[in-house]
Amino acid sequence: MDDAVRGTTVTKLVIGANGFLGSHVTRLLVGDGHDVRIMVRPNANTIGIDDLEVTRYIGDIWSDDVLREAMDGVDDVYYCVVDTRGWLRDPSPLFRTNVDGTRNVLDIAKDAGLHRFIYTSSYVTVGRKRGRVATEDDIISDRELNRLTPYVQSRVRAERLVLDYARQYRLPAVAMCVSTTYGAGDWGQTPHGAIIAGAAFGKLPFVMDKIELEAVGIDDAARALILAAEHGRVGERYLISEKMITNAEVVRIAAEAAGVPAPSKTIPLPVSYALALAGSLKARLRGTDEQLSMGSLRLMRAEAPVDCSKARRELHWTPRPVEESIREAARFWAGLREARRKSKSAAEGAGG
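Residues numbered from 1 in each chain as written. Predicted model: local features only at pLDDT ≥ 70, side-chain atom pairs only at ≥ 80, totals over all residues. Heavy atoms only, no water.

**Notes on the pattern of salt bridges**
Where side chains of opposite charge bring their charged atoms close, a pairing between them can arise. Selection criterion: Only one rule defines a salt bridge in this text: a Lys or Arg side-chain nitrogen within 4 Å of an Asp or Glu carboxyl oxygen. Helix numbering and strand numbering both begin at the N terminus, where a helix is a DSSP run of H or I of at least 4 residues and a strand a DSSP run of E of at least 2. Three labels apply to residues, based on accessible area from a 1.4 Å probe with only protein chains included: buried if under 20% of the type maximum, exposed if over 50%, partly exposed otherwise in between.
A full pass over the atoms with the stated rule returns 22 salt bridges. Between Arg160 and Asp142 there is a salt bridge, and its shortest N-O distance comes to 2.7 Å. Residue Arg160 is located in helix H6 (residues 150-168), and its partner Asp142 is located in helix H5 (residues 142-145); the two are separated by 18 residues in the primary sequence. The salt bridge involving Lys310 is made with Glu236; its shortest N-O contact spans 2.6 Å. On the criterion of sequence distance, the pair formed by Lys310 in helix H12 (residues 309-314) and Glu236 in the loop between helix H8 (218-231) and strand E10 (237-240) is long-range, its members being 74 residues apart. Overall, the relative accessible area of 11% leaves Lys310 in the buried class.

Rendered as structure tokens:
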């Protein structure tokens, strides 16, 4: 049932609206003319949505009363909360947020009379093997899951919960298996956004060889979630990615768009593994969280192409080339760099 059939006033709720994807979903919904509610944590950085006219609910995924109030009378809920810190030495926060927190929200959503519950999942939940193209039908078995990183385990278990609630409680849920996202407005600087920022600032010392990622523009990923609320089939999952692209190509495009030289040094894969091993040892000995570890490198290397024709066919999704979004991300960071430079110069001038 589309918005016109359900009525002229359609209310949408974005949980986690201050995040990279959540802010873009919110912005598109407002631009489409919907009555938009957002739910964000106390003291959350909302710079990406502060200019939008939305109704705010302050709370987290454990604030049951706030969740119920925010969902009351809502047509569609877009759930964009996830802990992506796959490098954590202690992975318990991943399961706390990604699994337990999702279950808490589902328990409230199942009784809210929603039209759709759009869940932001990840393409890592799809069984991928080198040498073949994966689809939504490729399931990760329990045996395979136990050999994967804690981050992937948390995402798979959370997605299973969502689809279980669709079957058992008739929650109108759709799982969106989104790949690596690039684009402007990455105010929280995601790990992949940090690479773009480093390239745009000319401060990226090297590029790791033989790292290739499925990628999609952030606006295209956000639009896919909105289309899923209109056309997605309940209990289904949809892969959302535009293409595979090498890390080196991402960096080259970003540097070119920002008008700076791309890194000339490439780190061979064996050296990357050595650095990752050193990071893992450091984390163990010092009790620190190291972003480059064996776990994070395994996640980057566990790549294989995915087939997104289901989303294109059923959701009528037509993404732009991801290269355009990489350029937009680089210009975003270059613009911030220039703004900071001017602000610093103005402050120095005033002080003088």
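After that view of the structure, there is still more to cover.
**As for H6**
Heads up, the rule is: Helix span, as expected, comes to 1.5 Å for every residue beyond the first.
Here H6 is 19 residues long and its end C-alpha atoms lie 26 Å apart, about the 27 Å a rise of 1.5 Å per residue gives. After H6 finishes, the residue Arg170 shows a positive phi value of roughly 60 degrees.

**Observations regarding the sheet that holds strand E3 (residues 55-58)**
For the record, the criterion: A pair of strands is treated as paired once DSSP finds two or more bridges between them. Here, axes are lines fitted to C-alpha atoms. For helices the fit covers the stretch in contact, and angles between N-to-C directions go from 0 to 180 degrees. Between two residues, a contact is recorded if the distance between any of their heavy atoms is within 4.5 Å.
Spatial strand order, E3-E2-E1-E4-E5-E6-E10: 7 strands in an open sheet with parallel pairing. The sheet is open, and its two edges are formed by E3 and E10, each paired on a single side. The average angle at which neighbouring strand axes cross in this sheet is 20 degrees, direction not considered. One ladder, built from 4 bridges, connects strand E2 (residues 35-40) with E3; its direction is parallel. Paired with Ile38 across the two strands is Arg56, which belongs to E3. Helix-sheet contacts for helix H3 (residues 64-71) involve strand E1 (11-15), E2, E3 and strand E4 (76-79), and the interaxial angle to E2 is about 170 degrees.

**Quick notes on the nonpolar core**
Let me state the cut-off plainly: For this analysis, a nonpolar core means a set of buried residues of the types Ala, Val, Leu, Ile, Met, Phe, Trp, Tyr and Cys, connected via side-chain atoms within 4.5 Å.
With 75 residues, the main nonpolar core has Val25, Tyr78, Met176 and Ile240 as its most contacted residues. Looking at this core, the element that brings in the most residues is H8, giving 9 residues. Setting aside chain neighbours within four positions, we find Val25 in contact with Val14, Tyr78, Cys80, Ala222, Leu225 and Ile226. Ala70, Tyr79, Leu114 and Ala158 belong to the second largest nonpolar core, which has 30 residues in total.

**Focus: the packing of helix H2 (residues 20-31) against H8**
How we decide: Crossings are sorted by hand: turned counterclockwise from the far helix by less than a right angle, the near helix makes the crossing left-handed, and turned clockwise it makes it right-handed.
It is at 9 Å that the axes of H2 and H8 come closest, and there the two elements cross at 65 degrees. Relative to H8, H2 is oriented so that their crossing is right-handed. Facing H2, whose interface residues are Phe20, Leu21, His24, Val25, Leu28 and Leu29, H8 presents Ile218, Asp219, Ala221, Ala222, Arg223, Leu225 and Ile226.

Keep in mind these values describe shape, not function.
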